[in-house]
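# Per-entry structural report
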Amino acid sequence: MGDSSFHEQASTDQLIQAASLVKEIPDFTIDEILDAIDKDQFYLVAQAQVDLESFELIGFELLARWEHEQYGDLLPYHFIPVLEESGQCYLFTIHIFKRMLSILDRLSHLEPGLHFSINISAHDLCSEQFAADIISAASQYQMDYDTIVLEVTETAGIFDDVSVTNLRKIKEFGIQLAVDDFWTGFSTLETIRLNLFSEIKIDYSLTSQLINDKTSMAGINAILQLSSDLGLRCIVEGIETCMARSVLLEAGACYGQGYLFNRGVRDNHIEEWITSYRRNRNYNPCANSSILLKQDELDSLEQRPHPSWIWDFEVNGIVWANSAALKFWVASSIDDLVQRDYTAMNYLAKTRLKSYQRRLKAGEEEISSEWDLFPGGEAKKVFCIQVPRTDPKTGHLIMLVNAFEGFHSRLPPRKFIESTNKFPVPFIIVDEDGKLIRINKHAHVELDIGTAETVANLMPQEAFDAIKARCENGVLVEKITEFTRVEGHDYLYLRAVMIPDRNEFGRHIFHIVAIPFQSF
C-alpha cells in the first residue's frame, strides 16, 4: 500500500504545522468526492521499485492523491474510507485504473517491461462487474498486461465467491495480482492458498522495526523464505536507510521501494524522472560506506532494547556500548568494557574480524553473521548486523555492531560465506566467465581479495582457462600457478571441480581451493 501511514520525515515544527493543517480539513461527503472524480481532480504519484542489489528500476507503485481546490494535495485516508462506507469505492478504482492505463500506454515505448501497480479495495471485489470492467478498460490498449499489478490487502472480504471469481478472471486475462501488507492482514496462508497471486509485499510496519525488533526481523525472514519457496516475487516497502537495504539484501530480499530510492513523482513527470534516473546509471545512494559516526545515532542506539557496541579495528577492542550491551557483556560501566583485554580471542575470531575489516574497507555496506560469544563465561549465540563507520575524532574505520540474542537468521548463499569454520582454507566459487560469486573469510585474508571482482585478479587468465578445459564431468583438477597479489608468496596451489549452476540452466560454476605459498 506504499504510504497508507504517510512516512514523511519532518522536523517538530513541520509536524505541528501538518497536524494543525489536518485539523482544518473537514470530513468530506460522498457527493463531494464523486464530484471530484467527475472533475478529474485525482492524480497518481509514482514511487519507484528497484533491484536492491543493482538499483535497477523494475517498476512503480502508483498512489492516489486528491488535488483539492481549497486544501491542496490530500492523502487517501481523506477519501477512501468514505468511498468504502458508501459502496462507491469501485467507481474510484476504475477511474484510477484507467488513468494508470494511459500512463502505461504513454511509457510503453520509452520503458517496456516495467511493472506498474495500484491498490484495489476488498470492497471492489464484491462487485460482480469488477473483473469485467477492469478487463474492458485494459482491452482498449495494446500492451503487455502482465506488467499491470493489482495490489489487494488481506481482509475477510477477499474469500467470498464473488471476490475469488473476480480475482480468477483478472488473473486469467493476464494481469498480475499482489498481496499487499503481507502478514498483517486477515489470513495470510489462506490468501496464498488461493493460488492467484504472483507477488507479495512486506509492509512498512515490519521494515521500520527491522533493527530494533527481532520479531519483525524474524517475520521478514520468514516471508522471504516463503516467497522463495513458492516462487513469488517479493517487494519490501518502506526502505529508508542504507542499513535497512543491506540487512534485507543479506536476508535474501531482491526488490524494494521507499524513500531511500525515491519519495514519489507526479504521474505527468514520470518520463522526465526515468530519463534522469537512467542517465545516472551509477546511481547508488549507499556508495559511501565510510559513514561518519554521529552523536544522534549513538543517542538513538542507547534507546535500543538490544545490545549495540562499536569495535575499533585499530585499538582492537570495544570503544562504546549501549546499556543493553553493558548488561550483555556483564560490564559495570563503559570503562570496564573498554579496558578489557581482547587479545585472548581465538584464531578463528581474530581471522573473522580481520576479514570483516578488509571487507568493510573494500566498500561492503553491511555484514550479517552469527557469533558464539562468551560474556561472563557463559556461551551465547548472537546474530549481529555489522556496519562500517568512521570515528570523527580519530579517523579510524570502526564497526558498529547491532546484536540480537536468541535469534537465528536464515542467511542465504550470497557472495560471502560465513559458515566456514569447518573449512579453514581460502575457498572461492566462480562462474564460467570468471566472476567471483562467493568468497570465504580465509580467502579474504590470505589472498587479499579486496575489491577484486574476477578470478583474473587472483591468477593468470590462462590458468583459469586451463582449469575450465580440464574440469569435465566432475573431475578434480590440481594445478600450481603464479601468484603475486600478496607479498612473500609466489604461487597458488589450486584444487578445482566443476558442477552445474543451479541458478542458470546449461551453465557451470567452479569450486576452487586456492592456497598461496612461497617457493623454496
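Below is a summary of the structure that appears in this document. Note that this is a predicted model, so its numbers are computed, not measured. (Residues numbered from 1 in each chain as written. Predicted model: local features only at pLDDT ≥ 70, side-chain atom pairs only at ≥ 80, totals over all residues. Heavy atoms only, no water.)

## Some remarks on the environment of arginine 233
The condition that has to hold: A helix here means a DSSP run of H or I that spans at least four residues, while a strand means a run of E at least two residues long, and both kinds are numbered starting from the N terminus. Whether two residues touch is decided by their heavy atoms; if any such pair falls within 4.5 Å, the residues are in contact. Polar contact is defined as a pair of N or O atoms within 3.5 Å, subject to the rule that within protein one atom must be able to donate a hydrogen and the other to accept it, and that residues adjacent in sequence are counted only when both atoms are side-chain atoms.
Tracing the backbone shows arginine 233 in strand β8 (residues 233–236). Residues arginine 233 and tyrosine 255, spaced 22 residues apart in sequence, show a C-alpha to C-alpha distance of 8.2 Å. Those residues in contact with arginine 233 that sit more than four places away from it in its chain are His115, Val149, Gln176, Ser198, Glu199, Ile200 and Tyr255. In terms of polar contacts, arginine 233 uses its side chain to reach the side chain of glutamine 176, at 3.4 Å.

## A look at the pattern of salt bridges
Defined as follows: Any Lys or Arg side-chain nitrogen located within 4 Å of an Asp or Glu carboxyl oxygen qualifies as a salt bridge. Three exposure classes are used, based on accessible area relative to the maximum for each residue type with a 1.4 Å probe and protein chains only: buried under 20%, partly exposed in between, and exposed over 50%.
Tallying each qualifying case throughout the model produces 17 salt bridges. Note that glutamate 67 and arginine 266 form a salt bridge whose closest N and O atoms lie 2.9 Å from each other. One end of the pair, glutamate 67, is in strand β2 (residues 57–68); the other, arginine 266, is in strand β10 (residues 265–266), with 199 residues separating them in the sequence. Exposure remark for glutamate 67: the relative accessible area of 37% places this residue in the partly exposed category. One network of salt bridges, in which partners are shared, links Glu61, Glu151, Lys201 and Glu237.

## Brief notes about helix α12 (residues 270–279)
The α-helix advances 3.6 residues per turn, and as a result positions three or four apart in sequence lie on the same side. Applied cut-off: To obtain the arc, one takes the directions from the helix axis to the C-beta atoms.
Every buried residue belonging to α12 is among Ile270, Trp273, Ile274 and Tyr277, and all of these are buried. Take α12 and look down its axis: the buried residues cluster within an arc of 100°, on one side only. Exposed side of α12, more than 90 degrees from the buried face: Glu272 and Arg279 are the residues found there. Taken together, the buried residues of α12 touch β1 (42–51), β2, α4 (89–107) and β10.

## With respect to the packing of aromatic side chains
Our working rule: Working definition: rings of Phe, Tyr and Trp (its six-membered ring) pair if their centres are within 6.5 Å, and the pair is stacked with planes under 30 degrees apart, edge-to-face with planes over 60 apart, and tilted otherwise. Note on geometry: a ring has a charge over it if NZ (lysine) or CZ (arginine) is within 6 Å of the ring centre and within 35 degrees of the ring normal.
This model, assessed by the stated rule, comprises 21 aromatic pairs. Among the aromatic residues, those joined into a ring-pair cluster are Phe28, Phe42, Trp66, Tyr71, Phe79 and Phe92. Taking NZ or CZ as reference, arginine 352 lies 4.1 Å from the ring centre of tryptophan 371, over its face.

## Some details on the sheet that holds strand β13 (residues 367–373)
Through backbone hydrogen bonds, the strands of a sheet pair up, either in parallel or in antiparallel fashion. The condition that has to hold: Note on pairing: DSSP must find at least two bridges between two strands before they are called paired. Comment: axis = line fitted to C-alpha atoms, over the contacting stretch for helices; angle = value between 0 and 180 degrees taken between N-to-C directions.
Reading across the sheet, the five strands line up as β12-β11-β15-β14-β13 and stay open at both edges, with antiparallel pairing between neighbours. The two strands at the open ends of the sheet, each matched to only one other strand, are β12 (317–321) and β13. Direction aside, the axes of adjacent strands within the sheet are offset by 35° on average. Looking at chain direction, strand β11 (residues 308–312) and strand β15 (residues 397–405) are connected through five bridges and run antiparallel. By the bridge assignment for β15, isoleucine 310 is matched with leucine 400.

## Examining the nonpolar core
The condition is simple: To define a nonpolar core, start from buried Ala, Val, Leu, Ile, Met, Phe, Trp, Tyr and Cys residues and group those joined through side-chain atoms within 4.5 Å.
Residues Phe60, Leu62, Phe97, Ile148 and Leu150 are the most contacted members of the largest nonpolar core, which totals 99 residues. If you tally residues by element for this core, the top one is α4, at eleven residues. Setting aside chain neighbours within four positions, we find leucine 62 in contact with Leu44, Val45, Ala46, Met100, Ile103, Phe116, Ser117, Ile118 and Ile270.

## What to know about the side chain of glutamate 61
In this fold, glutamate 61 is placed in strand β2. Within the local environment of glutamate 61, its side chain forms a polar contact with the side chain of asparagine 119, the two groups lying 3.1 Å apart. At a separation of 2.9 Å, a polar atom in the side chain of glutamate 61 contacts the side chain of glutamine 257.

## Some words on the pairing of β11
With five of five residues buried, β11 is to be regarded as a mostly interior element. Burial along β11 is two-sided: the face carrying Ser308, Ile310 and Asp312 and the face carrying Trp309 and Trp311 are both buried. Here β11 runs beside β12; their pairing, made up of four bridges, is antiparallel. Bridged to aspartate 312 within β12 is glycine 317.

## Description of unusual backbone geometry
For aspartate 181, which is not a glycine, the phi torsion comes out positive at approximately 50°. For aspartate 181, the location among the structural elements is in strand β6 (residues 176–182). Given a relative accessible area of 9%, aspartate 181 falls into the buried group. In the Ramachandran plot, asparagine 316 falls in the positive-phi region, its phi being about 60° despite a non-glycine side chain.

## Regarding the pairing of β8
Pairing geometry for strand β7 (residues 199–202) and β8, over four bridges, is parallel. Directly across from isoleucine 200, in β8, lies its bridge partner cysteine 234. Looking at chain direction, β8 and strand β9 (residues 255–257) are connected through two bridges and run parallel. Residue pairing for β9: isoleucine 235 is matched across the bridge by tyrosine 255.

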